[in-house]
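Residues per chain, in single letters:
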Amino acid sequence: MTESLWQQSKVNCPKNQTDCDPIPTWLLKVCASVLIPTITNIVNLSLTSGQFHHILKESVMSPLLKKPTLDKDQLSNYRPISNLSLISKIIERVVKCRLTDHLVYNGLLNPHQFAYCQHHFTETALLYIHDHQFSSMLSDHRSCHVCLLDLSAAFDTIDHNILITRLSSWFGIHGSVLNWFKSCPIFRSFRVKCDNDF
């Protein structure tokens, strides 16, 4: 992991410690210059071994009321907030940066994808659709139709086997890197915290 990746990860670190962190976040930030080599070794070991260590998969779930006006006795009115350890977040951020660089460098991103792409926003997607419709109406004098889908809990419905297959066949991810992606989502554990009790 390079110094710039560490700095990028560190900038967005939470200021408060989570219950998964044995060392307070503020102490990690203060001692960053001393801890960078150790954290770098942890990140590199995770990637070269193709394993996301089970300790880093532990999270603390905190139920958060969606709106203050909702009934506190209705479980459906709560949103589960998952808190991971700082080291886990750093590893995931490094992997995200490296994967994004791989996809951009090799031209593997769909040119019509607007989500999770640098310099692509909701506004650019709307402008693209508007421009496409306007051009079609001017050149062909025909009407255009748009079908929009909003998938509820889309990220929760991803089939991990299909995801792994696509990473390999579409994006050229193989070896220990593919093993890391296989290891990351499985055997995760969590504890639920309510009013400072587990």
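Refer to the structure presented above.
No experiment lies behind these values; they were computed from the predicted model shown.

Caption draft 1: Representation of the sheet that holds strand E1 (residues 58-65) within the structure. The strand order E2-E1-E3 describes an open sheet built from three strands, whose pairing is mixed. The open sheet has two free edges, formed respectively by strand E2 (78-83) and strand E3 (189-192), since each of these has just one partner strand. Each strand of the sheet is rotated relative to its neighbour by a mean of 35 degrees, with strand direction disregarded. In this structure, E1 lies alongside E2, joined through six bridges in antiparallel fashion. Bridging across to E2, valine 60 finds its partner in asparagine 83.

Caption draft 2: Representation of the environment of glutamine 51 in the model. Turning to its location among the elements, glutamine 51 is positioned in the loop between helix H3 (32-49) and E1. Taking relative accessible area as the criterion, glutamine 51 reaches 46% and is therefore assigned partly exposed. Remark: the alpha-carbon pair of glutamine 51 and cysteine 184, spanning 133 residues in sequence, is separated by 7.3 Å. Aside from chain neighbours lying at most four places away, what touches glutamine 51 is Ser46, Trp180 and Ser183.

Caption draft 3: Seen up close, the side chain of serine 59. Mapped onto the secondary structure, serine 59 falls in strand E1. Apart from the residues lying within four places of it in its own chain, the contact partners of serine 59 are Cys20, Ser82, Asn83, Leu84, Ser189, Phe190 and Arg191.

Caption draft 4: Structural view of the packing of aromatic side chains. Inspection of every chain in the model, using the stated rule, returns three aromatic pairs. With 5.3 Å between their ring centres and 85 degrees between their planes, phenylalanine 52 and tryptophan 180 make a pair best called edge-to-face. Remark: tryptophan 180 occurs in helix H7 (residues 175-183) and phenylalanine 52 occurs in the loop between H3 and E1; sequence separation between them is 128 residues. Residue phenylalanine 52 is classed as buried on the basis of its relative accessible area of 2%. Since its relative accessible area comes to 3%, tryptophan 180 is described here as buried. For the ring pair tryptophan 180 and phenylalanine 181, a centre distance of 5.3 Å and an interplane angle of 90 degrees mean the geometry is edge-to-face. Judged by relative accessible area, phenylalanine 181 falls into the buried class, the value being 17%. Following the ring pairs from residue to residue traces out a cluster consisting of Phe52, Trp180 and Phe181.

The rules behind the values
Here, residues in each chain are numbered from 1, in the same order as that chain's written sequence. Since the coordinates come from a predicted model, pLDDT governs what is reported: local features require at least 70, and pairs of side-chain atoms require 80 or more to be given and counted, while whole-chain, interface and lining totals use all residues. Excluding hydrogens and water, the side-chain figures rest on all heavy atoms present in the structure. DSSP-based pairing: two strands are paired if at least 2 bridges between them are found. Runs of H or I in DSSP of at least four residues are treated as helices and runs of E of at least two as strands, each being numbered from the N terminus. Helix axes are fitted to C-alpha atoms over the stretch in contact, other axes to C-alpha atoms as well, and angles between N-to-C directions run from 0 to 180 degrees. Burial classes: relative accessible area under 20% of the type maximum marks a residue as buried, over 50% as exposed, and values in between as partly exposed (1.4 Å probe, protein chains only). The contact rule is simple, with two residues in contact once any of their heavy atoms fall within 4.5 Å. Pairing of aromatic side chains requires ring centres within 6.5 Å, counting the rings of Phe and Tyr and the six-membered ring of Trp. Pairs whose planes differ by under 30 degrees are stacked, by over 60 edge-to-face, and all others tilted.

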